[in-house]
Every structure is written in C-alpha cells, then in structure tokens.
Amino acid sequence: MDYSHSDAELIRQPVGYWAWAAYKAVVTRTRAALAELGTTQPQWWVLAQVARAGAPKTRAEISGLLRNYLDTGPETMEAEIDATITAGWVVAAPDDRLSLTPEGRTFFEKAAAVQDDLRAERHAGISDEEYLTTMKVLQRVIHNTGGRAHHH
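As the structure is a computational prediction, the values presented were derived from the model and not from experiment.

Criteria and thresholds
- Residues numbered from 1 in each chain as written.
- Predicted model: local features only at pLDDT ≥ 70, side-chain atom pairs only at ≥ 80, totals over all residues.
- Heavy atoms only, no water.
- Core = buried A, V, L, I, M, F, W, Y, C linked by side-chain atoms within 4.5 Å.
- Buried < 20%, exposed > 50% of the residue type's maximum accessible area, 1.4 Å probe, protein only.
- Helix = DSSP H or I, 4+ residues; strand = E, 2+ residues; numbered from the N terminus.
- Contact = heavy atoms within 4.5 Å.
- Expected span 1.5 Å × (residues − 1).
- Arc of directions from axis to C-beta.
- Patch = residues over 30% accessible without salt bridge, like charges linked within 9 Å, V, L, I, M, F, W, Y side chains within 5 Å.
- Areas by Shrake-Rupley, 256 points an atom, 1.4 Å probe, with all protein chains shown as cover.
- Salt bridge = Lys/Arg side-chain N within 4 Å of Asp/Glu carboxyl O.
- Axes fitted to C-alpha atoms, helices over the stretch in contact; angles between N-to-C directions.
- Parallel < 35°, antiparallel > 145°, perpendicular 65-115°, else oblique.
- Left-handed = near helix turned anticlockwise from the far one by under 90°.
- Nonpolar A, V, L, I, M, F, W, Y, C, P; charged D, E, K, R; others polar.
- Phe/Tyr/Trp six-rings, centres within 6.5 Å; stacked < 30°, edge-to-face > 60°.

**Considering the nonpolar core**
Core analysis: the biggest nonpolar cluster contains 23 residues, and Trp-44, Leu-47, Leu-66, Leu-100 and Phe-108 have the highest contact counts within it. Secondary-structure elements contributing two or more residues to this core are helix H2 (15–37), helix H3 (41–52), helix H4 (59–66), helix H5 (74–86), strand E2 (98–100) and helix H6 (102–123). Apart from residues lying up to four places away in sequence, Leu-66 is in contact with Trp-45, Val-46, Gln-49, Thr-72 and Met-77.

Below is the structure:
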C-alpha cells in the first residue's frame with residue numbers, strides 16, 4: 001500500500017482527522033452492505049444483541065445499551081427496534097423481552113456472514129498485533145483527551 005505521507009510526516013499528522021476518515025470509510029461501507037440486505041446498521045445492532053444474549057433482554061435494556069452507539073440517540077434506537085419487530089425479525093414477549101423469530105434468526109445469520117466478510121475486508125494486510133496496537137492507541141487518545149467510549 002502507498003501511504004499518504006512519509007513516516008516522518010505521518011507522525012505529525014492529526015489523529016482526529018485520520019480517526020474520522022477511518023470512521024467515515026468503515027461506517028459508509030458497512031451501511032451500504034447492510035442496505036443491500038434491506039437493513040440498517042442500528043437494526044443489525046438490535047439483531048446482534050437479541051441473537052447473542054444469553055438470556056432474553058428487555059427492549060429497555062437493548063435500547064439503553066445501543067443508544068450511544070455512533071450518537072444514535074434513544075428516539076432513533078426505539079424506532080430501529082420497532083423496525084425489527086415490523087420486519088418480523090424480532091418479537092416482544094408480554095414482559096417486553098425481545099427474541100428472534102425463525103425468520104429473524106435466518107436473517108441474522110445472513111447479516112452476520114456479511115459482517116464477517118466486512119471484517120475480513122477491513123483487516124486485509126493488518127496483523128492481529130497491529131490491530132490490537134491501533135485499538136490501544138485510539139483508546140489512549142480518547143482517554144488522554146478526556147473522552148469516553150465503550151463498545152460491547
């Protein structure tokens with residue numbers, strides 16, 4: 001790969017710009033791939049939380065967990081949960097615990113395969129060690145600037 005600058009110049013590049021550019025590229029690519037399946041990234045988050053929960057979670061638990069992802073917000077997250085129910089992928093029990101329908105399980109597995117392909121695409125030519133270093137550096141930058149971030 002050809003880099004934008006020499007190593008000496010890259011050291012002086014603003015991390016905020018490059019973190020933003022990486023964010024924009026990854027999110028744009030992810031959302032386009034999920035749109036081809038007929039879903040949104042927040043709907044994927046809902047499906048993943050419901051599918052991977054050890055025990056069924058309530059709507060409030062899932063909404064509370066996901067509302068801060070990419071500044072989505074509570075109103076949007078509630079609408080995205082509603083969309084997964086309307087699509088027939090998720091059903092709410094009387095106690096408001098969410099679970100996948102059979103159609104939802106099939107769709108989740110299809111979307112999960114796309115997510116796996118996207119991860120492989122993003123990680124091409126990047127070792128696990130390099131990726132780990134990148135994650136630690138970004139978390140340290142967030143910490144050093146007084147920011148907060150958490151992802152499940």
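**Some thoughts on the side chain of Gln-43**
Topologically, Gln-43 is positioned in helix H3. Relative accessible area serves as the criterion here: at 9%, Gln-43 is assigned to the buried category. The contact partners of Gln-43, leaving out residues within four places of it in the chain, are Gly-38, Glu-80, Ala-83, Thr-84 and Trp-89.

**Observations concerning H6**
When the terminal C-alpha atoms of H6 are compared, their 32 Å separation across 22 residues agrees well with the 32 Å that a helix rising 1.5 Å per residue should span. For H6, the full list of buried residues reads Gly-104, Phe-107, Phe-108, Ala-111, Ala-112, Gln-115, Leu-118 and His-123. The buried side chains of H6 occupy one side of the element, clustering within an arc of 145° when seen end-on. In H6, the exposed residues that point more than 90 degrees away from the buried face are Pro-102, Thr-106, Asp-116, Asp-117 and Ala-120.

**A short note on helix H7 (residues 128–144)**
Think of an α-helix as turning once every 3.6 residues; residues three or four places apart then point the same way. The first and last C-alpha atoms of H7 sit 24 Å apart over 17 residues, in line with the 24 Å expected at 1.5 Å per residue. In the stretch just after H7, Gly-146 is the one whose phi turns positive, near 80°.

**Quick look at a nonpolar patch on the surface**
Residues Tyr-17, Trp-18, Trp-20, Tyr-23 and Leu-70 make up a contiguous nonpolar surface patch of about 510 Å² in total accessible area. Tracing the chain through its elements places Tyr-23 in helix H2. Judged by relative accessible area, Tyr-23 falls into the partly exposed class, the value being 37%.

**Concerning the packing of H3 against H4**
Put simply, H3 and H4 touch, their axes get as near as 11 Å, and they point 125° apart. What the angle tells us is that H3 and H4 run oblique. Note on packing geometry: the crossing formed by H3 with H4 is right-handed. Here H3 contributes Trp-45, Val-46, Gln-49 and Val-50 to the contact with H4, which in turn contributes Ile-62, Leu-65 and Leu-66. Looking at the contact of H3 with H4 residue by residue, the class counts come to six nonpolar, one polar and no charged.

**Section: the packing of aromatic side chains**
A full pass over the atoms with the stated rule returns five aromatic pairs. Taking the centre distance of 5.3 Å and the plane angle of 5° together, the rings of Trp-44 and Phe-108 count as stacked. Taken together, the residues span a long stretch of sequence, with Trp-44 in helix H3 and Phe-108 in helix H6 at a distance of 64 residues. With respect to class, Trp-44 is no different from Phe-108; both count as buried. Among the aromatic residues, those joined into a ring-pair cluster are Tyr-17, Trp-18 and Trp-20.

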